[in-house]
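# Fold and geometry: a report
So you can see what is in the structure, the chains are spelled out below.
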Amino acid sequence: QVQLVESGGGLVQAGDSLRLSCAASGLTFSTYPMGWFRQAPGKEREFVAGIRWTGDNTYYADSVKGRFTISRDNAKNTGYLQMNSLKPDDTAVYYCALANAYGLWSVAGRYVYWGQGTQVTVSS
């Protein structure tokens, strides 16, 4: 059974940092492009960052560029999202996801496996 489990979320103050982890099992993690999405209450799911299966190219939403860093450790079957300089607008449930076909990084429909999400709350 394919499973993605996010962890590392929590309640922090503006300007703080968090590192989210996405542990994968039940598949060959290294062969899948990985993305992070987030969804705030009352809003649509939003692309945050993506990384090729090789880890040699990364992609970011303009809203997080320069603050967030996506990475992966294929040997550990784990992806990461380092979030620095957090803002209240970053408050959302964050999801990791894996894609199995070519497509646009920001389109949620490209991704076929999703984690359960982890809550990130940033206070003023």
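Conventions we followed
Numbering of residues starts from 1 in every chain and runs along the sequence as written. Restriction of local features to residues with pLDDT of at least 70 applies here, the model being predicted, together with a cutoff of 80 or more for giving and counting side-chain atom pairs; totals for whole chains, interfaces and linings are based on all residues. Excluded from the side-chain calculation are hydrogens and water; included are all heavy atoms of the structure. Take a side-chain nitrogen of Lys or Arg and a carboxyl oxygen of Asp or Glu: if they are within 4 Å of each other, that pair is a salt bridge. Each residue is assigned to one of three classes by its accessible area relative to the maximum for its type, calculated with a 1.4 Å probe on protein chains only: buried under 20%, partly exposed between the two thresholds, exposed over 50%. Helix and strand assignments come from DSSP, with helices taken as H or I runs of at least 4 residues and strands as E runs of at least 2, each series counted from the N terminus. Within 3.5 Å is the distance limit for a polar contact, defined as a pair of N or O atoms, with the added protein rule that one can donate a hydrogen and the other accept it, and that residues adjacent in sequence qualify only through two side-chain atoms. Should any heavy atoms of two residues lie within 4.5 Å, those residues are considered in contact. Only a pair of cysteine sulfur atoms within 2.5 Å qualifies as a disulfide here. Take the buried Ala, Val, Leu, Ile, Met, Phe, Trp, Tyr and Cys residues and link them wherever side-chain atoms come within 4.5 Å; each set so joined is a nonpolar core.

Turning next to the pattern of salt bridges. Per the counting criterion, the structure on display carries 5 salt bridges. Across the pair Glu 46 and Arg 38 runs a salt bridge, and its minimum N-O distance is 2.9 Å. Classification of Glu 46 as partly exposed rests on a relative accessible area of 29%. Here Asp 56 makes a salt bridge to Arg 52, at a shortest N to O gap of 3.6 Å. Take Arg 52: its relative accessible area is 33%, and that puts it in the partly exposed class. Residues joined in a network through salt bridges with shared partners are Arg 38, Glu 46, Arg 67 and Asp 90.

Assignment of secondary structure puts Arg 38 in strand β4 (residues 34-39). At 3.5 Å, the side chain of Arg 38 and the side chain of Ser 63 are in polar contact. A polar contact of 2.9 Å, which involves the side chain of Arg 38, links it to the side chain of Asp 90. Apart from residues no more than four positions distant in its own chain, Arg 38 is found in contact with Glu 44, Arg 45, Glu 46, Val 48, Ser 63, Val 64, Phe 68, Asp 89, Asp 90, Ala 92, Val 93 and Tyr 94.

One pass over the structure, following the stated rule, counts 1 disulfide. Shown here is the disulfide that connects Cys 22 with Cys 96, its sulfur atoms set 2.0 Å apart. Its S-S torsion of approximately 60° makes the covalent link between Cys 22 and Cys 96 right-handed. Of the two residues, Cys 22 sits in strand β3 (residues 18-25) while Cys 96 sits in strand β9 (residues 92-99), which places them 74 residues apart along the sequence. Here Cys 22 matches Cys 96 in class, with each residue buried.

Looking now at the environment of Lys 87. The residue Lys 87 is located in the loop between β8 (78-83) and β9 in this model. In this structure, the C-alpha to C-alpha distance between Lys 87 and Ala 24, residues 63 residues apart in sequence, is 28 Å. What Lys 87 contacts, discounting residues up to four positions off in sequence, is Arg 67 and Val 122.

Another aspect to go through is the nonpolar core. Grouped together as the largest cluster of nonpolar side chains are 35 residues, with contacts concentrated most on Trp 36, Val 48, Phe 68, Ile 70, Leu 81, Met 83 and Tyr 94. Contributions of two or more residues to this core are made by β3, β4, β5 (46-51), β7 (68-73), β8, β9 and β11 (118-123). Ranked by residues supplied to this core, first place goes to β9 with 6 residues.

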